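Residues per chain, in single letters:
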Amino acid sequence: PLVTSKEIFNKAYDGKYAIGAFNVNNMEIIQGIVDAAKEEKSPLILQVSAGARKYAKPAYLKKLVEAAIMDTDLPIVLHLDHGEDFEICKQCIDDGFTSVMIDASHHPFEENIEITKRVVEYAHARGVVVEAELGRLAGIEDAVNVSEKDATFTDPNQAVEFVKRTGVDSLAIAIGTSHGAYKFKGEPNLDYERLEKITQLLDGFPLVLHGASTVLPEFVELCNTYGGNIPGAKGVPEEMLRRAASFGVCKINIDTDLRLAMTAAIRKSLTEDPKNFDPRKYLGAGREAIKSMVRHKIANVLGSSNTI
Ligand code: G3H
Ligand code: 13P
Ligand code: ZN
Ligand code: NA
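By convention here, each chain's residues receive numbers from 1 onward along its written sequence. Numbering of ligands from 1 and lettering of chains from A proceed in the order in which they are written. Side-chain atom pairs in this predicted model are given and counted only at pLDDT of 80 or more, local residue features only at pLDDT of at least 70, and totals for whole chains, interfaces and linings cover all residues.

Under an unreviewed UniProt entry, the name given to the chain is Fructose-bisphosphate aldolase, and the source organism is Alkaliphilus serpentinus. Here the chain is described in UniProt, under the heading Catalytic activity (unreviewed entry), as follows: "beta-D-fructose 1,6-bisphosphate = D-glyceraldehyde 3-phosphate + dihydroxyacetone phosphate". Under the UniProt heading Sequence similarities (unreviewed entry), the entry covering the chain gives this text: "Belongs to the class II fructose-bisphosphate aldolase family." UniProt positions are given in the numbering used here, feature names are shortened, and annotations may be inferred rather than shown by experiment.

Visitor: Is there a simple way to think about the pairing of strand β8 (residues 249–254) in this case?
Guide: As a general feature of sheets, a regular strand has side chains that alternate between the two faces. Extensive coverage of β8 is indicated by the burial of 6 of its 6 residues. With 4 bridges joining them, strand β1 (residues 19–23) and β8 adopt parallel strand pairing. Note on β8: the bridge partner recorded for I19 is K251. Bridging between strand β7 (residues 207–209) and β8 involves 3 bridges; their strand directions are parallel. Here exposure depends only on C-beta density: within 10 Å of a residue's C-beta, 20 or more other C-beta atoms make it buried, 12 or fewer make it exposed, and intermediate numbers make it partly exposed, the C-beta atoms being placed from the backbone. What counts as a helix is a DSSP run of H or I of at least four residues, what counts as a strand is a run of E of at least two, and both are numbered from the N terminus. Two strands are said to pair when DSSP picks up at least two bridges between them.

Visitor: Hey, could you run me through helix α1 (residues 6–15) in this one?
Guide: In an α-helix, one turn spans 3.6 residues, which is why side chains three or four residues apart end up on the same side. Every buried residue of α1 is accounted for by I8, F9, A12 and Y13. The arc that holds every buried residue of α1, seen down its axis, measures 130°, which confines them to one face. Exposed residues on α1 whose side chains face more than 90 degrees from its buried face are E7 and D14. For the purpose of contact definition, each residue receives a C-beta atom placed from its backbone, and two residues are in contact when these atoms lie within 7 Å. In the core, the buried residues of α1 are packed alongside β1, β6 (170–173) and β8. Two residues or fewer after α1 comes K16, characterised by a positive phi angle close to 55°. Within this analysis, the arc is defined by the directions that extend from the helix axis to the C-beta atoms.

Visitor: Would you take a moment to explain the site of ligand 1 for this structure?
Guide: In this analysis, residues qualify as near a molecule or strand once their C-beta atom, positioned from backbone atoms, comes within 6 Å of it. With respect to spatial proximity, the complete set of residues near ligand 1 consists of N23, S49, G51, A52, D81, H82, H179 and D255. Among the elements of the structure, α3 (50–56) and β3 (76–83) are those that each provide at least two residues to the shell around ligand 1. Class assignment of the residues belonging to the shell around ligand 1 gives a composition of 1 nonpolar, 5 polar and 2 charged. Residue classes follow a fixed rule: Ala, Val, Leu, Ile, Met, Phe, Trp, Tyr, Cys and Pro count as nonpolar, while Asp, Glu, Lys and Arg count as charged, and any other residue, Gly among them, counts as polar.

Visitor: Teacher, can you tell me more about the site of ligand 2 here?
Guide: Not every one of the 14 residues close to ligand 2 is listed here, only the nearest: H210, S213, N253, D255 and T256. Residue assignment for the shell around ligand 2 shows that the elements contributing at least two residues are β3, β8 and α12 (256–272). Tallied by class, residues from the shell around ligand 2 come to 2 nonpolar, 9 polar and 3 charged.

Visitor: What am I meant to see in the UniProt feature "binding site: Zn(2+) 1" (unreviewed entry) in the chain here?
Guide: This chain's UniProt record puts "binding site: Zn(2+) 1" (unreviewed entry) on H82, H179 and H210. In three dimensions, the annotated residues from a span of 129 residues occupy one location, with a maximal C-alpha spread of 11.8 Å. The residues contacting H82, other than those within four sequence positions of it, are S49, A50, M101 and D103. Tracing the backbone shows H179 in the loop between β6 and α9 (192–201).

Visitor: Any chance you could explain the environment of G284 here in plain terms?
Guide: Structurally, G284 can be placed in helix α13 (residues 279–302). Overall, the presence of 17 C-beta atoms within 10 Å leaves G284 in the partly exposed class.

Visitor: How should the UniProt feature "active site" (unreviewed entry) in the chain be read in this particular structure?
Guide: Look at the UniProt record and you will see "active site" (unreviewed entry) annotated at D81. As for its position among the elements, D81 is in strand β3. On the basis of neighbour count, D81 is assigned to the buried category, with 25 C-beta atoms found within 10 Å. The residues touching D81, leaving out its near neighbours within four places in the chain, are N23, Q47, V48, S49 and M101.

Visitor: I tried to follow helix α11 (residues 238–245) on my own but got confused; where do I start?
Guide: Every buried residue belonging to α11 is among M240, L241, A244 and A245, and all of these are buried. For α11, the angular spread of buried residues about the axis comes to 140°, placing them on one side. Close packing links the buried residues of α11 with α9, β7, β8 and α13.

Visitor: For this particular structure, what's the right way to read the sheet that holds β7?
Guide: Picture the strands of a sheet paired through backbone hydrogen bonds; they go either parallel or antiparallel. With respect to topology, 8 strands assemble into a closed barrel ordered β1-β2-β3-β4-β5-β6-β7-β8, the strand pairing being parallel. Across the sheet, the mean angle separating the axes of adjacent strands is 25° when strand polarity is ignored. Pairing analysis gives 4 bridges linking strand β4 (residues 99–102) to strand β5 (residues 129–134), with the strands arranged parallel. Considered in β5, the bridge of S99 is made with V129. Here an angle of 0 to 180 degrees is reported between the N-to-C directions of two axes, which are lines fitted to C-alpha atoms, with helices fitted over the stretch in contact.

Set out below in structure tokens:
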């Protein structure tokens, strides 16, 4: 069934594991993710970005997710990823999403609170939960010294005030992760001291980690072996994600790792079978790669296997 993340997060919090929030853009991606979660008996968050809505059209994605739900009895959250204003959050709530993110973190603190509060009011009146963000995800060049960290990473005391004043259901925090395949120039590094402080102050409150792909070297290499050109990619090591999940982090966002797995498999399939022009062959290989990536994440990184 389609569910909100409330109980799922409570269980994950107490069990010190996390739920994967996987970005979906088409049928093969949705099927790969859902098949993996089915085999792992794990709850699932399927998240849709504005870019995904633009690519696939909102109605198609909604119907594909509904089809996935008919196909399984897994608890699935349908979540808007990075909603940039009230309007898109409202649209998704009206469309039947069970969870939305309002990402007003680039606005000043008071404005972030105002915008988030407005979404929370609209969502809660309709049984929908809300994720908000405080702090800015660091780019590869950002946050090299302490004062820059304090300027971009989530301030623990502000986080407490933000949650209290907005009534939001979960909070995305900035502790050193970033989106995409180029997260660190040198050694990967997350601010666990900050995470621990936020976890303590917001006792029991679910936190969200964006930009949490690992960028597994074997998949980058596979892409490059079969004609790709993705040099210097680096993500968050799996051990660091497991450690984050042992604190208040309950939701871990993964998109880049799915993109890399699918692209590697499609490149390989096309290269190894140059006579093929049946899209089902290479898209099928892509779907299979998504499935094994998601199984690996659930079983070995997130720790949410057998929790339903
Ligand atoms: O946070 C960004 C996600 O990876 C979604 O990316 O906006 O290209 O769909 P997108
Ligand atoms: P990655 O780019 O690390 O997969 O992060 C995805 C994300 O945060 C989606 O909101
Ligand atoms: Zn994100
Ligand atoms: Na946790």
